[in-house]
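# Descriptive analysis of the structure
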Protein chains: 2
Amino acid sequence: MKIDLLIKHAEIFNVYLGRWDLRDLAVLDGRIFHLGDAEGKGFEAETVLDAEGRALVPGLIDIHMHIESSYCGPRQFSRAVLPRGITTVVSEPHEMANVFGPGGIEEMIRLSRGCDMDIFYGIPSSVPSTNESLETSGGRVTPSDATTLAAAWPEVVCVGEMMSYASILRGDTERTRSFLEPLRRIRPLAAVEGHCPDIKDLDLSRVLFERIDSDHCLQSPEGMLQRFELGMFVELQYKSLTPEIVDLLKDGRYRGLYSLVTDDTAPDILERQGHLDGVIRRALELGLPLEEAVIAASWSPAKRIGFRDRGAVSPGKKADFILLKDRSSRFEVHRVYKNGHPVNRMTVRSGTGGEDELQAAPRFLDSLNLPSSLSADMFDLPCDKEEGTVRLRTIVKNSSTTYSSEGRLELPVSKGFIHWENQSCNLLTVTERYRGTGETAKGILTGTYFRGGAVASTHTHDSHNLLIAGDNKRDMECARNWLIAHRGGICVSRGGQITAALALPLGGILSEEPMEKLSGQMICISDAMRALGFEHPNPLMSFTTLTLPVSPEIKISNKGLIRTLTGEILPLIPEEDS
Amino acid sequence: MKIDLLIKHAEIFNVYLGRWDLRDLAVLDGRIFHLGDAEGKGFEAETVLDAEGRALVPGLIDIHMHIESSYCGPRQFSRAVLPRGITTVVSEPHEMANVFGPGGIEEMIRLSRGCDMDIFYGIPSSVPSTNESLETSGGRVTPSDATTLAAAWPEVVCVGEMMSYASILRGDTERTRSFLEPLRRIRPLAAVEGHCPDIKDLDLSRVLFERIDSDHCLQSPEGMLQRFELGMFVELQYKSLTPEIVDLLKDGRYRGLYSLVTDDTAPDILERQGHLDGVIRRALELGLPLEEAVIAASWSPAKRIGFRDRGAVSPGKKADFILLKDRSSRFEVHRVYKNGHPVNRMTVRSGTGGEDELQAAPRFLDSLNLPSSLSADMFDLPCDKEEGTVRLRTIVKNSSTTYSSEGRLELPVSKGFIHWENQSCNLLTVTERYRGTGETAKGILTGTYFRGGAVASTHTHDSHNLLIAGDNKRDMECARNWLIAHRGGICVSRGGQITAALALPLGGILSEEPMEKLSGQMICISDAMRALGFEHPNPLMSFTTLTLPVSPEIKISNKGLIRTLTGEILPLIPEEDS
């Protein structure tokens, strides 16, 4: 019989038996047709490849990640990541949902169709992360939106991470249940992804009792063992792979109870350490046997989600697999096959594509809705006083984590305006960018801040409003204008000139440029931020989370300064002083 | 906090880790709330039970079975089987579908709601087993019916056994694909159950290539290992549990790749050897460790189907579990809990129930549609000849299997009628019973047959038309009339009197009487059949498969004698003789 591809003499890894077998592999119509000895079977193969004993493993499956962390859309993500052997991902489009609501999720799914990689989706469950009184997001995802999406799109295979553990531990299960119960009625077999940082014992039971049964947060050895015992599936990302964790997994006794995932991979990280392939290499370095690592990145995640057509190299499964250079600990990819085709012969292009490329619909490329009246006076800080000084509440930026604390700073007042320029601080503005109100909240940043320039971004967690910080109006205005002209992005201004910039026109958060190009631009931006004296190992992450109202301790949204632990809006001038 | 039930000091089997731990177990709202030490957790339990170190294992899950094999409906099935520890089944309502089509499936689902046991369903994929030219069934299940059912009923969790392996091996995949593809579009994560008797190597690949990836047929050690290697999930029923098979499974290396199932359990078998609990005991007798047997009857089948809420004793799962008398090899059930309630305190009644009982809708209790004109002359065998003899084709019944072969018998002719009464044979009639046509085919049974009486049944595989066999008209008419009066069933007539009978008014195939009562009646029927000289270890099964047109070698339907391997209708008087 005619088949498309016959690979002979491969050392094929059998995930069911956990062993390597020298076998032939027949591929037909994008799926594996036969595994075994091809001799005497009467195969007439269009292509025959002698693997010469090379190791062949299933294509990798990443079930907990967010494509938006790569700053690009599905097509460019697929192009950059598929050649590394990641053939399937389950992405939670948390950021696109914050910008556009269900329409943003649908656009991501639509843009994924026709990608070479198989891209599935988890429904974001925490959009917005707070509420209308604390921030204005572009979109929200209601329980009813979630069921509509699950019913309409076969790509939706699970519920993305439920971030409601804190309210569950307080005994408030209402929001969690009202989100999950309608979904369970129509998709009773769908996984519900969890988010359970540091919790243990009875608290872990409380989250499991809500049938949230995975965790991708940073793991401790003790916490991971407890999760295994209680039936919580553990998703290990790069930072969780410590020598102690890997020591526990080495002998295979916990096989099937965990997988490897990436969660977030920025373009520069992709370049430096890879994607899920990099997580595997990290695990191998720490001594995890290749067999355990492969199972944890193929069969175990497939079983977790319930995929029946992938995660193994056996008849009926998709012909997604990787030929490795050898079985050494390096996990060096020799060739990747997707649907039976070698990836290097596919239309995986590095350019920005031609007319045949699937482009985002125009409305998603034009998401900034700001009033035309925005001008330099948006950076004025009027005051009740005419002259003198005033003591202001400040956000004190930590120079190593994404946390911040509350501080005080005294600034001069003249003719009814606070003089903040060229003082030991930045002015921070957050402008609502979805409804044309231009509603702007202002704050003061101390600790680490920009000197002699400004930075602006529309990729700001989680609502992605327009954030600008700087020590002078001219640079702030320059940065703002560049962003408006480019329909969103991130840029740095110094001396009235843009010194580094990345346009993110897709929702103001993503680019359709190739990821390797983005990587270079992001390194330039980080360098330009450091050149303005902003000290942080990851200046971009540090800056874009100044707005995250679920992270300690004080942040800023378009509604004002927020004490995140209590959800209070705080006045810029503390009441004790006014 | 208030909880419903606290079980202290139980040796709880952890399916994730494959080990026993002495733990406390807290139950709330029918689910497990906490597993661990209850001390200091502030639980206020409505009921506290000291398990005194007894073994506690998950409730059993049978994922390949047919409730109709028990000759009763879901309610009575649940009542008889749940107290044995089977808390969940996935049933394929193949027989009800043959009688009523999709409506019969829906009625089974409806009757299952409110049962104490959780009853899920697989969509029958082979109804009718042949086609309209070979037999008239009451219903059929089209691909479109299947998708409608899957979309409408959350109890539908998989596709029941695809019996199309023979056509797949012939290269004809059309019927299989046209059935499965629409279903996969709406339920991409649903399992497709297989039926792969004896096949191996490339043939196994062919079936797997159609993404049919389980097998519940009789296993050989070699065949089972091949299935494991190729990724086919193996479902081991009682007859597959041989010493050689169990030897392979003892050390746990194939854990997760197989489950224990029952397939068919008649009431007398239930009484003699139990249900899935009996399959477990058989496995233990042959040396399978209790731990492996429990996993194969709980966690592994749950994973196979994709159930996320059961199959383990851990927080969030349904509080379905069994307290065993001890951890010895007997698997003696001490107490069963379903949804956190002890089964012996539930409304599991042995009687036929009161007004509160869920009853089948009237139309399902009145499924016989026969013309009023049926009379004794339906048993006449007219002939072209006026006098002499005629040589007839016969079904030669094998006295040990359900197979039959073709034979010849010469009978006298007088006044244009063949004299079959009180000769060395039975007359066989099969009457279409759904459309009021009364279409009747006639045949002659030799080999083993009834002497001095008749047997009739409307529970006849797979179309469940009215089958009557006897050596005299008077008993055949008596048996027929009893069945019509009772709206279906099985009965034996001798000397013009009914000597044993079982009414099956629900679709003509099921009873709503308690299963223990059916067991006694079935033993009486088998005894009465043997008393008429019908030799067979399972006379009832042997008799009711005389009509099965997919079983070798010659069978009879309302359309006539069928050579089953070729699908030919054969004349009663062979052409060579006419």
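These numbers were taken from a predicted model, which means no experiment stands behind them.

About the thresholds
- Residues numbered from 1 in each chain as written.
- Chains lettered and ligands numbered in written order.
- Predicted model: local features only at pLDDT ≥ 70, side-chain atom pairs only at ≥ 80, totals over all residues.
- Heavy atoms only, no water.
- Helix = DSSP H or I, 4+ residues; strand = E, 2+ residues; numbered from the N terminus.
- Buried < 20%, exposed > 50% of the residue type's maximum accessible area, 1.4 Å probe, protein only.
- Polar contact = N/O pair within 3.5 Å; in protein donor to acceptor, adjacent residues only side chain to side chain.
- Phe/Tyr/Trp six-rings, centres within 6.5 Å; stacked < 30°, edge-to-face > 60°.
- Lys NZ or Arg CZ within 6 Å of the ring centre and 35° of its normal.
- Disulfide = S-S within 2.5 Å.
- Expected span 1.5 Å × (residues − 1).
- Contact = heavy atoms within 4.5 Å.
- Pairing = 2+ DSSP bridges.
- Axes fitted to C-alpha atoms, helices over the stretch in contact; angles between N-to-C directions.
- Buried area = accessible area lost by both parts, 1.4 Å probe.
- Salt bridge = Lys/Arg side-chain N within 4 Å of Asp/Glu carboxyl O.
- Least-squares fit on C-alpha atoms with pLDDT ≥ 70 in both.
- Arc of directions from axis to C-beta.

Another point: the side chain of A:Ser78. All names here are of chain A. Examined against the element boundaries, Ser 78 turns out to sit in helix H1 (residues 74–81). Classification of Ser 78 as buried rests on a relative accessible area of 2%. A polar contact of 3.1 Å, which involves the side chain of Ser 78, links it to the backbone nitrogen of Met 117.

Counted according to the given criterion, the structure contains 22 aromatic pairs over all chains. Measuring from ring centre to ring centre gives 5.0 Å for A:Phe209 and B:Phe33, while their planes differ by 70°; the resulting arrangement is edge-to-face. Note that A:Phe209 is positioned in helix H7 (residues 201–209) and B:Phe33 in strand E3 (residues 31–36), a pairing that runs across two chains. These aromatic residues form a ring-pair network of at least three members: A:Phe33, A:Phe43 and B:Phe209. A cation sits over an aromatic face here: A:Arg451 above A:Tyr449, 4.3 Å from the ring centre.

Here we take up the state of the cysteines. Per the stated rule, a full pass over the model turns up zero disulfides over all chains. A:Cys478 provides the cysteine sulfur closest to A:Cys491, a residue in no disulfide bond, and the two sulfurs are 7.0 Å apart.

Looking now at helix H15 (residues 515–531) of chain A. All names here are of chain A. In this model, H15 (17 residues) spans 24 Å end to end at C-alpha, consistent with the 24 Å of a helix rising 1.5 Å per residue. Inspection of H15 places Met 515, Leu 518, Ser 519, Met 522, Ile 525, Ser 526, Ala 528 and Met 529 among the buried residues, and these make up the whole buried set. Buried residues along H15 sit against H1, helix H10 (267–273), strand E22 (453–457), strand E24 (489–494), strand E25 (497–503) and helix H16 (539–544).

The next subject is the sheet that holds strand E23 (residues 466–470) of chain A. Residue and element names in this part refer to chain A. With mixed pairing, nine strands are arranged side by side in an open sheet as E19-E18-E17-E21-E20-E23-E22-E24-E25. Of all the strands in the sheet, the pair left with one neighbour each is strand E19 (417–418) and E25. Along the sheet, H15 contacts E22, E24 and E25; its crossing angle with E25, the most-contacted strand, is approximately 145°.

Taken together, the 45 residues of chain A in the interface contact 45 residues of chain B. Interface of chain A and chain B: buried area, both sides summed, is about 4100 Å²; carbon and sulfur atoms make up 58% of it. Among the residues chain A hides against chain B, the three largest losses belong to A:Leu189, A:Phe209 and A:Arg308. Together they make up 21% of the total. B:Arg19 is paired through a salt bridge with A:Glu229; the nearest N and O atoms lie 3.6 Å apart.

The next subject is the relation of the copies chain A and chain B. Each of the two chain copies can be generated from the other by rotation about an axis followed by a shift along it. When chain A is fitted to chain B, the residual RMSD is 0.1 Å, and the transformation amounts to a turn of 180° plus an axial shift of 0.0 Å. The symmetry that links the two subunits is that of a two-fold axis. Within chain A, the C-alpha atom positioned nearest to the axis of rotation is that of A:Gly306, 3.2 Å from it. A share of 100% of interface residues in chain A that are also interface residues in chain B marks the association as one of identical surfaces.

Residues and elements named next belong to chain A. Looking at helix H4 (residues 143–152), one finds that the buried residues are Ala 146, Thr 147, Leu 149 and Ala 150. Buried residues in H4, looked at end-on, bunch into an arc of 160°, giving them a common side. Exposed positions of H4 whose direction lies more than 90 degrees from the buried face are Thr 148 and Ala 151. Residues of H4 that are buried make contact with helix H3 (102–112), strand E8 (118–123), strand E9 (156–159) and helix H6 (174–186).

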